[in-house]
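As a plain string of letters, each chain reads:
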Amino acid sequence: MTLRKKITGWSMTIIGFILSPLSWWNDVIINIPLAYLFALPFGWIHKKLFIPALIIGYWLTNIIGIILMHQGIRHLMTETKQKSFKVELIKTGIISLVYTGFIILCIKMGWLKFLPEYTQ
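Reading guide: rules and limits
- Once a new chain begins, its residue numbering starts again from 1 and follows that chain's sequence as written.
- Thresholds applied to this predicted model are a pLDDT of at least 70 for local features of residues and 80 or more for the giving and counting of side-chain atom pairs; totals over whole chains, interfaces and linings are not thresholded and use all residues.
- Side-chain descriptors were evaluated using all non-hydrogen atoms of the structure, hydrogens and water having been removed beforehand.
- Centre distance within 6.5 Å is the pairing criterion for rings of Phe, Tyr and Trp, where only the six-membered ring of Trp is used; planes under 30 degrees apart are then read as stacked, over 60 as edge-to-face, and the remainder as tilted.
- In this description a helix means any DSSP run of H or I spanning at least four residues, a strand means any run of E spanning at least two, and both kinds are numbered starting from the N terminus.
- Exposed residues in this analysis have more than 50% of their type's maximum accessible area, buried residues have under 20%, and partly exposed residues fall in between, with area computed by a 1.4 Å probe over protein chains only.
- In this analysis, the expected span of each helix is defined as 1.5 Å times one less than the number of residues it contains.
- Two residues qualify as a contact provided that any one of their heavy atoms is within 4.5 Å of a heavy atom in the partner residue.

Caption draft 1: Main features of the packing of aromatic side chains. Summed over all chains, the structure comprises two aromatic pairs. Measuring from ring centre to ring centre gives 5.5 Å for Tyr36 and Phe50, while their planes differ by 80°; the resulting arrangement is edge-to-face. Residue Tyr36 is located in helix α2 (residues 26-45), and its partner Phe50 is located in helix α3 (residues 50-76); the two are separated by 14 residues in the primary sequence. Residue class for Phe50 comes out buried when judged on its relative accessible area of 3%. Summarising the aromatic geometry, the rings of Phe38 and Phe42 are spaced 5.4 Å apart at their centres and angled 45° between planes, so their arrangement reads as tilted. With a gap of four residues between them, Phe38 and Phe42 both fall in helix α2, about one helical turn apart. Taking the relative accessible area as the measure of exposure, Phe38 reaches 32% and is therefore partly exposed.

Caption draft 2: Geometry of the environment of Ile64. By the secondary structure assignment, Ile64 is in helix α3. When the C-alpha positions of Ile64 and Leu19 are compared, they lie 7.2 Å apart, and in sequence the two are 45 residues distant.

Caption draft 3: Molecular detail of helix α1 (residues 3-19). Under the 1.5 Å per step criterion, the end-to-end length of α1 is 24 Å for 17 residues, consistent within 8% with the ideal 24 Å. The secondary structure elements touched by the buried residues of α1 are α2 and α3.

Right under this line is the structure:
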């Protein structure tokens, strides 16, 4: 295996792991802020678009993470047996649903808002 293939595989795997729901700590630090940034332009278009865009952005970060991890591992493991991708996908889907519930709870509790409303 070439050095370039190793670097590419490891880079994709690490970035994918950081974005994926397999790392429990990443959502608060990485995925939710990325989803928030993704949702801001939609909120500027119309305030009601912010929450659906936030949830879609969150799911996209997880899906991109899963795909990057999968592709990175495929780069690294050319002849060894791989785990079932279907099982991993189901597991990460369930974890994503739990975190989606957490995001909705944060929105309902008022902890996560589009922008602070200023009164004058």
